[in-house]
Amino acid sequence: ARALWLFAGYTRSQTSSLRNALRPRTMASRPSRASRASAPKYDDGQSNDGSEFEKESSSESEEEEEEEVIVESDDEPQKKRKSSSRKPAPKKARTEYTIEEHEKGSVNRPTENTITSTGAFNGEFAFALGTVCSVLCEKTNRWVTGHVIMFHRGGVTTKYAVKAVRVLFEKAQNGGKTHYQDCDVTTEKEADKRLVRLDLPKREVRLWTSGSPCMRACDLGHAAASKEKPLDPSRGFGASAEAAARAAQKKDFTYQGKGSEGLAKAEQEATKRLSSKPSQADVEACLKLLGDSWPTQERPNVTPDGKAVQGMCLGAVFVLGGVGMAVSQVSSAYPNLCKLITGWVKTSLPEDFPFSSLQINYNYAARKHVDGNNIGPSYIRSLGKHTGGELWTADAFVEATDEDTGEKYVKGGGGQQVLSCSGGWKLFNGNAEHYTKPYQGTRISFIAFSHNAYNKLSTRVASKLKELGFTAASDDGVDLPYFAKYRIDKSEFTPDENSKYFAYQKKRAVELPPPTKPNRISIECYGLTMARGGGWIGYCDASGKQTVHELTPNMTGFHVLELDVHATKGISLINAFVDRKRFDIYGKTDLEVDRFSSFVKKLPAGRVVAIAITDTAVAAKRPPSDKLYDALRLLGAPAQMEKIGYRFPFAFLGVKGGTGHLLMDKTKFLLRIDAALGANGVISDVTTEKTDVTAKVILASAGKK
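Residues numbered from 1 in each chain as written. Predicted model: local features only at pLDDT ≥ 70, side-chain atom pairs only at ≥ 80, totals over all residues. Heavy atoms only, no water.

Undergrad: Would you mind going over the side chain of S382 with me for this structure?
TA: Locating S382 in the fold gives a position in strand β15 (residues 377-383). Here the side chain of S382 touches H386 through a polar contact of 3.3 Å, side chain to side chain. Contact partners of S382, with chain neighbours within four places excluded, come to C421, S422, R443, I444 and S445. (Helix = DSSP H or I, 4+ residues; strand = E, 2+ residues; numbered from the N terminus. Polar contact = N/O pair within 3.5 Å; in protein donor to acceptor, adjacent residues only side chain to side chain. Contact = heavy atoms within 4.5 Å.)

Following this line, the structure appears as C-alpha cells:
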C-alpha cells in the first residue's frame, strides 16, 4: 500500500543519524561519496565577522562529511578540501534494555474500557491520529497498548482511503527491537483481528523538528509537541530565553579581533562624513583605512582553499549557541561606518531593494557555491582597481509576468551568464550556483541580501537594524511584497491540514479521475510539503482500456514513463522508471543525471515521456548539472527553462524531437497535465492546472467555519 504520511514541519534540520533512523525504507539513501564530491559548496550567505562567538549554520542539515575530496568542474580549476582534524566523539555505552512484566501486554484480548464501532465503519475516523488502542503484537503475540501516529493511504483509484494505521507501542516490545506496528483497517473485520480501541483520551502525536513523528517510545520525551509555538518577538528566531535576556542587558559593544585598529579609524572617518549624502568615494575613503588588515571569516565552503579569508558581514546574522538572529559584532561596534555603507548602498542600488545584511569581501575569489540562508535575490558590486572578477551564475534571472496580477517580476531561467559587477550593482540569484572569476588587482565586493529570517527578529534586533540603515528587518513574520514571490515554504502541512487536503482529493478523484477516453493521458502530482508527496500517471489505449500508475509517495527524483503511440493500437507502455526504478536525481545526483541523459539520448524520435514527482526532484545543496536540462530540452522543454527548485512540484509531458509541456510552481501546489496523444508522438488538446492548495483548500475551509 502507498504510504501517505500525515505529519508536518519537515526541514531536515535533525542529525543525519536520527534522520536515517526515521526515514522509511522507500526513501533514497545518502548520496554516494562520488556524488557529493562533485557537488557545489553550500554557503549560508552570512558568515561571522571575525569573532569566534559568531558562527552561523546552514538552514539544511544535508551536510557533507569532512573528507579529502577533489572538486572537479569545467568552470574552475580543481580544488582540494583537507580532511578534518577533529576526532570523533567517543560512543556512549548503551544501557541494557529492561521491560516490566505488565508492560509486555496481555495474552488475552482486552474486553474492559473498549469502544465498539457503530454504524458504517471507516478506518480513518475509527482510528484517528492519537487514538489509544490495544494491538496484537506480531512479534510477541500479546496485546500491547499504543496510539495511532500515522496513516497509510491508497491512491486515486481507491479515492485516497486509509488502508492501514501505524500504532506506536507505549513500551518497545521484542527485547526493545519493535517500537510500532502497521495494522490493516480497510474493513472492520480486518481491523478487529489486531486492533481494539480503548476508551481513553487521545494522545498527542510527538514530532521531531523535521516533522517526522517519533517512532520510538523511549524518545518521546525528546520529541516536540505537534503544535508549533508562535514566534516570541522578545527573543526572535533561534534564540533561547537565557540568551535573549543576556542580549537585552548588553550595553558595551566592542570588537577586538583582527582589523580592529583600522575599523576604529574608519569609524572616526565615517562619523565626519555622515553629515552629507554618502557616496562611493566616502565608502572607499573609509575602507582604505583598513589597509590589508581586515577582519577574518571562516567560510570553508566558499573560500578558495578552505582557510579563513578577509571580510565582514554587516547587519543580520544567525549566531549559534542559542543566540539566534542578531546584529553582527562589527555593525554594533562601528555603527557610523555601518550607517555610511548602508546609506551608500540604498542610494546607489538601481531599485528599492530591501536587504537585511551586507557581506563585504576583501581580495578573494569565492568558489562555486549556493547561498543557503538567504531568500535568493541579491545584488553584487565590486570596488577597487582590478581587472576580471566577474560573477558567474548558473541561472540568470529573466523577466516574467504574474499570471494572476499581470505584474512584472524576475525568476530563474536565463541559464549560465557572466555578470560584470565592477561598473555597478547587478542582480543575481544567490540560491543558484555562482562563483567569482579570476581577477588581478584590489577587489572589494559588496553583496546585499536578506536572511530567510529577516521578518522573525526580536523587536530589539529589528529596531537596531533599522537604525543602522537596513531595510528588511521586522518581528511580525510577514514577508515584504518584494520577497513574496521568492519565499519557499518548506514546512509540511499539519495533520489537520492534511485531513482537509485529502477531503479535497477524495472529491477531486470523483470529479477529475484518471482519463477514460481513448489515447488520453493525465499526470497529477504534488510534493513533500503536502502529505509527504504523491501522484499518478494514467492513460488509455485506442480501445479505451485504462492504465493508472500510482506512484509511491515520499520518493525523491523523477518517476518516468516511456510511451509509444501506434496509429491503430494507440498508447502502449515501453518502460516504467518509477518507484525504486526511478531516476533519483536527489539522492545520487551526478549518477542519476547521467542515467537520465543517456536514456533520453537513446530514445527514437516521436517517443513520449511522462514525468512526475512525489517528494522533491532535486536537493537544495546538490543542484543537477546542465545535462539534466539539456535532456529535458531534447524532449521539448523550453530553451530558457527555469531551474527546478528544491521541494518544488514538477510535472512534464514531452516527446523526443517535439514540443513538451512543463509545470512547476511553489511547494504547496497540485499540478496536472491532460492531453491527447497521436501517432508519432503528436501531443494535442493540452490543458494544464496549478492549484494553490493553501489558498483553495486550507484557507477556504477555514473561512467556512
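Undergrad: Please clarify how the side chain of N498 should be interpreted in this entry.
TA: Looking at the element boundaries, N498 is found in helix α11 (residues 495-511). Among the polar contacts listed, one links the side chain of N498 to the backbone nitrogen of A531, at a separation of 3.1 Å.

Undergrad: Just checking my understanding: could you explain the packing of aromatic side chains for this structure?
TA: To describe a pair of aromatic rings, one takes the distance between the centres and the angle between the planes. Enumeration over the complete set of coordinates arrives at 25 aromatic pairs. Taking the centre distance of 6.2 Å and the plane angle of 80° together, the rings of F353 and F483 count as edge-to-face. A residue pair is termed long-range when its members are at least 10 positions apart, and F353 in the loop between α9 (335-348) and β13 (357-362) and F483 in the loop between α10 (459-467) and α11 qualify at 130 residues. Judged by centre distance (6.3 Å) and plane angle (55°), the rings of F397 and Y486 are tilted. Of this pair, F397 sits in strand β18 (residues 397-401) while Y486 sits in the loop between α10 and α11, placing them 89 residues apart in sequence. (Phe/Tyr/Trp six-rings, centres within 6.5 Å; stacked < 30°, edge-to-face > 60°.)

Undergrad: Even after reading the chapter, I still don't get the sheet that holds strand β4 (residues 114-115), so can you show me in this structure?
TA: Pairing between the strands of a sheet is mediated by backbone hydrogen bonds and can be parallel or antiparallel. With respect to topology, six strands assemble into an open sheet ordered β4-β9-β5-β6-β7-β8, the strand pairing being antiparallel. Edge positions in the sheet fall to β4 and β8 (178-184), since each has one partner strand and no second. The sheet contact formed by strand β5 (residues 132-136) and strand β6 (residues 143-153) spans five bridges and is antiparallel. Each residue of the ladder has a partner; that of V132, found in β6, is H147. (Pairing = 2+ DSSP bridges.)

Undergrad: Where do I start with the confidence of the model for the protein chain in this structure?
TA: Close reading of the predicted structure is inappropriate where its pLDDT is low. In this model, the protein chain carries a mean pLDDT of 83, and residues with pLDDT of at least 70 account for 84%. Throughout residues 1-85 the model reports pLDDT below 50, and contacts reaching past four residues in sequence, or to other chains, amount to 286 contacts. (pLDDT = per-residue confidence, 0-100.)

Undergrad: Even after reading the chapter, I still don't get the pattern of salt bridges, so can you show me in this structure?
TA: Pairing between side chains becomes possible if they bear opposite charge and their charged atoms approach one another. Scanning the entire structure with this criterion turns up 27 salt bridges. E138 is paired through a salt bridge with R194; the nearest N and O atoms lie 3.9 Å apart. Here E138, found in the loop between β5 and β6, pairs with R194, found in helix α4 (residues 188-194); they are 56 residues apart in sequence, far enough to count as distant. Accessibility expressed as a relative area gives 52% for E138, which makes it exposed. Classification of R194 by relative accessible area gives partly exposed; the value is 30%. Note that K193 is salt-bridged to E190, the shortest N-O span being 3.1 Å. With K193 and E190 both in helix α4 and three residues apart, this pair spans about one turn of that helix. Taking relative accessible area as the criterion, K193 reaches 47% and is therefore assigned partly exposed. (Salt bridge = Lys/Arg side-chain N within 4 Å of Asp/Glu carboxyl O. Buried < 20%, exposed > 50% of the residue type's maximum accessible area, 1.4 Å probe, protein only.)

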